[in-house]
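Below, each chain spelled out in residue letters.
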Amino acid sequence: MNVMIDIETLCTRPSAVVLTVGIVEFDNTRIHNKFYYRLCVDEQLNKNRTVDEGTMQWWSEQNSAVQEEALGEHDRTPVDTVLDTVTRLTYNADSIWGQGYGFDMTILENLFQQYGRNIPWNFWKLRDSRTIFDVCKVRLPKTENKHNALDDAVQQTELLQGCLKTIGYVTP
């Protein structure tokens, strides 16, 4: 089984406050499971995770539904609960995909470390969907729900499955 992870944050640094996490379990042909969490922001601020003025400005320019989903106070989950799920889903995964290694996975690794947790994946299992999309000369379509971590993870997974089929790559 493979995993695609997407996050939304309040900063672009590794120490960013993580707003939401979307996770998709998949193989070459289908999506098996989807998970979505809205992380407790105050808990992260109390641990000195970072917020960037430029990122806050960027969020203010998104449509109101996207802003409310990412920034609203409702249905927040404790960070440890989310880290437990990420650990469970990635620990034995064949590959862990993200849309560019230097953002989602780097921030999640920092979050694991700050919470005194071991990073549950080995570095050689990390994959970058953006590179595959460039090789296949495809782009993610623009949608109303862009910047919803789960919707983005699903979209990235579906496009990746098509690309992998096109180039003849079979995921483990």
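Calculation rules
In every chain, residue numbers begin from 1 and rise along the written sequence. Only residues with pLDDT of 70 or above have their local features reported here, since the model is predicted, and side-chain atom pairs are shown and tallied only from 80 upward, although totals for entire chains, interfaces and linings are computed over all residues. To get the side-chain values, take all heavy atoms of the structure and skip hydrogens and water. Only DSSP runs of H or I covering at least 4 residues are called helices, and only runs of E covering at least 2 are called strands; the numbering of each starts at the N terminus. Contacts between residues were defined by any pair of non-hydrogen atoms, one from each residue, lying within 4.5 Å. Throughout, exposure labels follow a simple rule: accessible area from a 1.4 Å probe, protein chains only, divided by the maximum for the residue type, with under 20% read as buried, over 50% as exposed, and the rest as partly exposed. Think of it this way: DSSP has to see at least two bridges between two strands before they count as a pair. For this document, the term salt bridge refers to a Lys or Arg side-chain nitrogen within 4 Å of an Asp or Glu carboxyl oxygen. Two distance rules govern patches: like charges are joined within 9 Å, and nonpolar side chains (Val, Leu, Ile, Met, Phe, Trp, Tyr) within 5 Å, applied only to residues with over 30% relative accessible area and no salt bridge. A 1.4 Å probe and the Shrake-Rupley method give the accessible areas. Residues count as covered only by the protein chains that appear here. Two aromatic rings, drawn from Phe, Tyr or Trp (for Trp, its six-membered ring), form a pair once their centres lie within 6.5 Å of each other, and the interplanar angle then sorts them: stacked below 30 degrees, edge-to-face above 60, tilted otherwise. Working rule: Lys NZ or Arg CZ, within 6 Å of ring centre, within 35 degrees of ring normal, means a charge sits over the ring. Take the number of residues in a helix, subtract one, and multiply by 1.5 Å to get its expected span. The directions considered for the arc are those from the helix axis to the C-beta atoms.

K.L.:
Sorry if this is basic, but what is going on with the overall build of the protein here?
P.N.:
Helices and strands together make up the secondary structure of the protein, namely seven helices and five strands. Secondary structure elements of the protein, listed N to C terminal, follow the sequence β-β-β-α-α-α-α-β-α-β-α-α. Referenced to the eigenvectors of the C-alpha coordinate spread, the extents of the protein come out at roughly 45 × 35 × 25 Å. A fraction of 73% describes how many contacts in the protein between residues 6 or more apart in sequence connect residues 24 or more apart.

K.L.:
It is not clear to me how unusual backbone geometry should be interpreted in this structure. Could you clarify?
P.N.:
It is generally the case that most residues other than glycine have a negative phi and that most peptide bonds are trans. Backbone geometry at N48 places phi at a positive 65 degrees, although glycine is not the residue there. By the secondary structure assignment, N48 is in the loop between helix 1 (41-46) and helix 2 (53-60). Of the residues examined, N48 reaches a relative accessible area of 65% and is grouped as exposed.

K.L.:
I would appreciate a short explanation of the pairing of strand 2 (residues 18-26) in the present structure.
P.N.:
It is a general feature of regular strands that their side chains alternate between the two faces of the sheet. Counting buried residues in strand 2 gives nine out of nine residues, a clear majority hidden from the surface. Two strands pair when backbone bridges link them, and strand 2 and strand 3 (residues 31-38) are joined in this way by seven bridges, in the antiparallel orientation. Its bridge partner being in strand 3, V24 is matched across the sheet by K34. Linkage of strand 2 to strand 3, two consecutive antiparallel strands, is achieved through a turn of four residues.

K.L.:
Looking at this structure, how should I read the pattern of salt bridges?
P.N.:
Two side chains that carry opposite charge are able to pair once their charged atoms sit near each other. For the coordinates displayed, the defined rule picks out four salt bridges. Among the ionic pairs, R38 bridges to E69, the shortest N-O distance being 3.3 Å. Linking R38 in strand 3 with E69 in helix 3 (residues 64-71), this pair joins segments that are 31 residues apart in sequence. R38 gets classed as buried once you look at its relative accessible area, which sits at 4%. Since its relative accessible area comes to 23%, E69 is described here as partly exposed. The network of salt bridges with shared partners includes D80, D84 and R117.

K.L.:
Would you take a moment to explain a nonpolar patch on the surface for this structure?
P.N.:
Among the surface-exposed residues, L45, V51 and M56 lie close enough to one another that they form a single nonpolar patch of about 210 Å² accessible area. Within the fold, L45 resides in helix 1.

K.L.:
Any chance you could explain the packing of aromatic side chains here in plain terms?
P.N.:
When we look at a pair of aromatic rings, we describe it by the centre distance and by the angle of the planes. Across all of its chains, the model carries three aromatic pairs by this definition. Centre to centre, the rings of F112 and W121 are 5.7 Å apart; their planes meet at 85 degrees, and the pair counts as edge-to-face. The class for W121 is buried, based on a relative accessible area of 5%. Centre to centre, the rings of F123 and W124 are 5.3 Å apart; their planes meet at 80 degrees, and the pair counts as edge-to-face. Seen from the ring of Y115, K47 lies directly overhead, with NZ or CZ sitting 4.6 Å from the centre.

K.L.:
Explanation requested: helix 4 (residues 79-90) in the structure shown.
P.N.:
Given 3.6 residues per turn, any residue in an α-helix points the same way as the ones three and four places further on. In this model helix 4 runs 16 Å from its N-terminal to its C-terminal C-alpha over twelve residues, within 8% of the 16 Å that 1.5 Å per residue would give. V79, V82, L83, T85, V86, L89 and T90 are the residues of helix 4 that are buried. Projected down its long axis, helix 4 shows its buried positions confined to an angular sector of 160 degrees, all on one face. Those residues of helix 4 that are buried are in contact with strand 1 (2-9), strand 2, strand 3, helix 1, strand 4 (95-98) and helix 5 (104-114).

K.L.:
How should the environment of E73 be read in this particular structure?
P.N.:
Turning to its location among the elements, E73 is positioned in the loop between helix 3 and helix 4. Assessed through its relative accessible area of 59%, E73 is described here as exposed. Distance in space between the C-alpha atoms of E73 and D42 is 9.8 Å, their sequence separation being 31 residues.

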